[in-house]
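# A structural walkthrough
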Amino acid sequence: MEAKRWTVQIDITEDGDETRARAVLTTRDTSAVTGRGVARRNPVDRPIPEIGDELAASRALEDLAGRLHDVAADDIAGTAGPVRA
């Protein structure tokens, strides 16, 4: 049995107190699926960029998971036979 490899690349950008992440899943069999996440630092909090990166990336992965679930649901619906009364 051949193993499959799916790859997720996460790109993170920062602009002031806002951190944005983009998670892109690529496989051999499907087009890319993309999730996005944002984290905003409260101005009264200490600036610790790693925390913003972690929050934005986790939110992008959550968004990606939901979108991947939607792709699977669409694929299931596309393979369903006609409904009989």
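This write-up is about the structure you can find in this document. Values in this document were obtained by computation on a predicted structure and should not be read as measured data. (Residues numbered from 1 in each chain as written. Predicted model: local features only at pLDDT ≥ 70, side-chain atom pairs only at ≥ 80, totals over all residues. Heavy atoms only, no water.)

## Quick look at the sheet that holds strand 1 (residues 7–15)
To be explicit about the condition: We call two strands paired when DSSP finds no fewer than two bridges between them. Strands are runs of DSSP state E lasting at least two residues, helices are runs of H or I lasting at least four, and both sets are numbered from the N terminus onward. To obtain each axis, a line is fitted to C-alpha atoms, and for helices this fit is confined to the stretch in contact; angles are then taken between N-to-C directions over 0 to 180 degrees. Residue contacts follow a heavy-atom distance rule, with two residues in contact if any of their heavy atoms lie within 4.5 Å.
One open sheet accounts for three strands, arranged 1-2-3; its pairing is antiparallel. Looking at which strands have only one partner, the edges of the open sheet turn out to be strand 1 and strand 3 (33–40). On average, each strand axis in the sheet is tilted by 15° relative to the strand beside it, whichever way the strands run. Direction of pairing for strand 1 relative to strand 2 (residues 18–26): antiparallel, over a ladder of nine bridges. Of the residues in strand 2, the one forming a bridge with Thr-13 is Arg-20. Against the sheet, helix 1 (residues 49–79) makes contact with strand 1, strand 2 and strand 3, and its axis sits at roughly 145° relative to strand 3, the strand it touches most.

## Things to note about a nonpolar patch on the surface
In plain terms, the rule: Patches were defined on residues exceeding 30% relative accessible area and lacking a salt bridge, with like-charge contacts within 9 Å and nonpolar side-chain contacts (Val, Leu, Ile, Met, Phe, Trp, Tyr) within 5 Å. Method for areas: the Shrake-Rupley scheme with a 1.4 Å probe, in which residue coverage is limited to the protein chains shown. Salt bridge criterion: a side-chain nitrogen from Lys or Arg within 4 Å of a carboxyl oxygen from Asp or Glu.
A cluster of nonpolar side chains, namely Val-8, Ile-10, Ile-12 and Leu-61, defines an oily patch on the protein surface of about 280 Å² accessible area. No other element matches the three residues that strand 1 contributes to the nonpolar patch. Relative to the helices and strands, Ile-12 is located in strand 1.

## Notes on the nonpolar core
Our working definition: Grouping buried Ala, Val, Leu, Ile, Met, Phe, Trp, Tyr and Cys residues that are joined through side-chain atoms within 4.5 Å yields what is termed a nonpolar core. Only protein chains enter the accessibility calculation, which uses a 1.4 Å probe. A residue is then buried if its area is under 20% of the maximum for its type, exposed if over 50%, and partly exposed in between.
In this structure, Ala-21, Ala-23, Leu-25, Val-33, Ala-39, Ala-56, Ala-60 and Leu-64 together form the largest nonpolar core, which totals eight residues. Sorting the residues of this core by element identifies strand 2, strand 3 and helix 1 as the ones contributing at least two each. Beyond its immediate chain neighbours, meaning those up to four positions away, Ala-21 contacts Ile-10, Asp-11, Ile-12, Gly-35, Arg-36, Gly-37, Ala-56, Ala-57 and Ala-60.

## Details of the environment of Asp-17
Heads up, the rule is: A 3.5 Å cut-off defines polar contacts: any pair of N or O atoms within that distance qualifies, except that in protein one atom must be a possible hydrogen donor and the other a possible acceptor, and neighbouring residues in sequence count only when both atoms are side-chain atoms.
Considering the arrangement of structural elements, one finds Asp-17 in the loop between strand 1 and strand 2. The exposure class assigned to Asp-17 is partly exposed, which follows from its relative accessible area of 34%. Through-space distance from the C-alpha of Asp-17 to that of Thr-30 is 35 Å; in sequence the pair is 13 residues apart. Contact partners of Asp-17, with chain neighbours within four places excluded, come to Ala-39, Arg-40, Arg-41 and Pro-43. One polar contact links Asp-17 to Arg-41, side chain to side chain, over a distance of 2.6 Å.

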